[in-house]
Each structure stands twice: as C-alpha cells, then as structure tokens.
Amino acid sequence: MKLSVIQENLKNSLNLCSHFISPKAQLPILGNIKLVATKSKLILTSTNLETSVSTSIGAKVDKEGEITVPGRVITDIISGLSAGNVSLEVRKERITIESGSFRSTIAGMNTSDFPKVPSIVSKSNLVTLDRKLFIDSLSKCQFAVSSDETRPVLTGVLFKFSGNTLHLVATDGFRLSQVSMGVGNKVDIDKLIVPRAVLSEIIKSTGEGNIEFSYNEKDNQVLFGVEDSIFSSRVIEGEFPDFEKIIPGKALYKVSVDKHELGQAIRLASVFARE
C-alpha cells in the first residue's frame, strides 16, 4: 500500500474513528483502525463490536492495499503534523508515515482478524431523513437518555415509526422527551432502541445532504449513512417503557409565556439549585 493524503482530511477521519476503538479490549485488534487504499480513496474503519464507523477520504493511491494500525498512536501522530500532504507506505505489516522532515514507522497487524463492518447502507427498510431536522430532533431528546447501565433500555433513544412519522423518545425514569418528525417514506419497522453513543457521533458530524437510515433485522443492526461515512450499531434489546401512558392526553391548563423571559428566570432560580 502506498498513497498520499491531505493531513487535515486524514486527521478528521482518524479523530472520528478513534471514538469507536476499544484500547483496553481483550482483542488487541479492536484498538486498531483499519486502513484500506483502493483506486482514488482511503477507507478508514473502526469498531468496538457494538458500534462502528467506516469513512472514506480522497487520496492519491500509487499502490492499493490494507493494514490495521494502533488507533491512538496514529491519531496522535497525524494530529501533531503540520498542514500539507502526508505519505503512507506499508511494507510487511509496518506502516511508514512521512510529512515534510518527519518520518516514522509503526508496527501494524494483518486485517484478516479485523471484524467485518458495514461499508454501505442496506436498501432494506431504507428511510431518508432530513439531516437538519433529524439532528435538531435528536438534540431535543438526548438530554433525557439515562446513563445507568443497569437499565440498558433507557440508555438509548426509542425510534417509533408510525406511517410517515418518526417519533424519537428518551427517558431516564425522571425526565421524558418525545419529538416527532416526518420521514420520506413508510417502512416495515415498528420500534427500535438505538444506543446514545452512535447518535452522539451523528449529532457531531458535519456536512450537508440527507441521512440514510436502515435496519438489518437479521443482524439486529441499524445503519446511518452520513455523506462519506457509515455509522452502524447493534439495537438495544428489551421493552421500552410505555411512554404514551405517561404523557397526558389533554391538559387542564395551558400557559403561554415569552421564551426569553422564562429562560432568564430559570437561569436565575437555578443558582440556588446547583447542588
């Protein structure tokens, strides 16, 4: 494998992949990032077996090939380099990095033991989501997701499909948030619980265009296509609380207030509620 890429592009992709590696896993290869050079692009992949990401960047490829390298090491090296072109060359499971006056060689591992990670969004149960609307909706319910691992079903966001509407629901047992948004088409999906970790990465992702979402029932896995990246995650198994019984069907009282004034009042009152 031999290629040249732009440092900024490689740094951003490595930083994304580093969020999905398992540096303390029993399998050392799960702490690695897989690099695959093919034609005119470099594909980077990482996984912790529960969630994964596969992303690609443009590259000048002189020789195709693949290798896995320690994620933290290569991320720190590339992040520390100056802007410009970076050359990568693999020989006998060792990758050489060159940029300007810098040169380093890192021991890698063969890709044969690296877990298989989805690189395309399945066309089965495919839903097209408006990017801005979906991320805005997620942001409005993420705060209510529980961090208590003893109740796994509460550590994710419920995706409930009803016709051309997607309901996003989250609760930690004390707070509950429900946001509804329209989707482009009906799908044969009832409801799924998607882990917060992968949704947090999607919220932080940049770019334009729609997001493609699909569910692989056989592998119990959801896929999100975000521009040149594919995020995948296992679905959380279990029964989500019946939130529809919690939300009142009708209100006895309705009050209309100015958003700015209410926010200011809450901030002032919260000074005495910090503990």
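Because the structure is predicted, anything quoted here is derived from the model rather than measured.

Criteria and thresholds
- Residues numbered from 1 in each chain as written.
- Predicted model: local features only at pLDDT ≥ 70, side-chain atom pairs only at ≥ 80, totals over all residues.
- Heavy atoms only, no water.
- Helix = DSSP H or I, 4+ residues; strand = E, 2+ residues; numbered from the N terminus.
- Buried < 20%, exposed > 50% of the residue type's maximum accessible area, 1.4 Å probe, protein only.
- Contact = heavy atoms within 4.5 Å.
- Areas by Shrake-Rupley, 256 points an atom, 1.4 Å probe, with all protein chains shown as cover.
- Lys, Arg positive; Asp, Glu negative; His and termini not counted.
- Charge placed at Lys NZ, Arg CZ, Asp CG, Glu CD.
- Core = buried A, V, L, I, M, F, W, Y, C linked by side-chain atoms within 4.5 Å.
- Pairing = 2+ DSSP bridges.
- Axes fitted to C-alpha atoms, helices over the stretch in contact; angles between N-to-C directions.
- Arc of directions from axis to C-beta.
- Patch = residues over 30% accessible without salt bridge, like charges linked within 9 Å, V, L, I, M, F, W, Y side chains within 5 Å.
- Salt bridge = Lys/Arg side-chain N within 4 Å of Asp/Glu carboxyl O.
- Parallel < 35°, antiparallel > 145°, perpendicular 65-115°, else oblique.
- Left-handed = near helix turned anticlockwise from the far one by under 90°.
- Nonpolar A, V, L, I, M, F, W, Y, C, P; charged D, E, K, R; others polar.
- pLDDT = per-residue confidence, 0-100.
- 1 Å grid on protein atoms, 1.4 Å probe; cavity = no way out; pocket = protein on both sides within 12 Å on 5 of 7 lines; lining within 4 Å.
- Points joined across faces, edges and corners; volume = space filled by probe spheres on them.

Draft legend 1. Up close: the overall build of the protein. Along the protein, the regular secondary structure elements total 6 helices and 17 strands. Across the 275 residues of the protein, 45% fall into the buried class. Of the contacts formed within the protein by residues at least 6 apart in sequence, a portion of 66% connects residues at least 24 apart. Entry remark: accessible area of the protein is about 15800 Å², with carbon and sulfur atoms responsible for 49%. Looking at charge distribution, the protein has the averaged site of its 33 positive side-chain charges lying 2 Å from that of its 31 negative ones.

Draft legend 2. The arrangement of the nonpolar core in detail. Counting 60 residues, the largest nonpolar core has L10, L35, L42, F134, F159, F213 and F224 as its most contacted members. With 4 residues, the single largest contributor to this core is helix α1 (residues 7–18). Apart from the residues within four sequence positions on either side, F213 is in contact with N125, L126, V127, L129, F159, F161, I189, L192, V222, L223 and F224. Formed by 8 residues, the second largest nonpolar core is a distinct cluster that contains L154, L158, V169 and F243.

Draft legend 3. Seen up close, the sheet that holds strand β14 (residues 191–195). Reading across the sheet, the 4 strands line up as β13-β12-β11-β14 and stay open at both edges, with antiparallel pairing between neighbours. Edge positions in the sheet fall to β13 (176–182) and β14, since each of these pairs with one other strand and no more. When the angles between neighbouring strand axes are averaged without regard to direction, this sheet yields 20°. Where strand β12 (residues 165–171) and β13 come together, 7 bridges link them in antiparallel fashion. What sits directly across from L166, in β13, is M181. Packed on one face of the sheet, helix α4 (residues 196–204) meets β11 (156–162) and β14 and runs near 75° to β14.

Draft legend 4. Highlighting α4. Within α4, the full set of buried residues consists of V198, L199, E201 and I202. Take α4 and look down its axis: the buried residues cluster within an arc of 155°, on one side only.

Draft legend 5. Representation of a nonpolar patch on the surface. Residues V255, V257, L262 and I266 make up a contiguous nonpolar surface patch of roughly 400 Å² in combined accessible area. Relative to the helices and strands, V257 is located in the loop between α5 (243–246) and α6 (259–270).

Draft legend 6. Focus on the packing of helix α3 (residues 131–139) against α4. Viewed as axis vectors pointing N to C, α3 and α4 meet at an angle of 130°, and their least axial separation amounts to 10 Å. As summarised for this structure, α3 and α4 are arranged oblique, according to the angle between their axes. Here α3 and α4 pass one another in a crossing that is left-handed. Every residue of α4 that contacts α3 at F134, I135, L138 and S139 is listed here: L199, I202 and I203. For the contact of α3 with α4, the residue count by class is 6 nonpolar, 1 polar and no charged.

Draft legend 7. Fine view of unusual backbone geometry. Despite not being glycine, L49 shows a phi value in the positive range, around 80°. Mapped onto the fold, L49 is located in the loop between β3 (41–47) and β4 (51–58). Backbone geometry places N220, a non-glycine residue, at a positive phi of 55°. Looking at the secondary structure, you find N220 in the loop between β15 (211–216) and β16 (221–226).

Draft legend 8. Spotlight on the confidence of the model for the protein. Residues with a pLDDT of 70 or more make up 100% of the protein, whose mean pLDDT is 91. For the protein, per-element mean pLDDT is lowest for α5, which scores 84, and highest for α6, which scores 96.

Draft legend 9. Structural view of the layout of surface pockets. Space inside the largest pocket adds up to approximately 420 Å³. Lining the largest pocket are 19 residues; nearest its centre among them are N12, L16, T55, T206 and S229. Tallying contributions element by element places α1 first for the lining of the largest pocket, with 5 residues. Per-class residue counts for the lining of the largest pocket are 4 nonpolar, 11 polar and 4 charged. The wall of the second largest pocket is formed by 16 residues, among which K116, V117, P118, Q221 and S232 lie closest to the centre. Elements supplying a minimum of two residues to the lining of the second largest pocket: β4 and β17 (229–234). Of the residues forming the lining of the second largest pocket, the biggest block, 3 residues, is contributed by β17. Of the residues that constitute the lining of the second largest pocket, the class distribution is 5 nonpolar, 7 polar and 4 charged.

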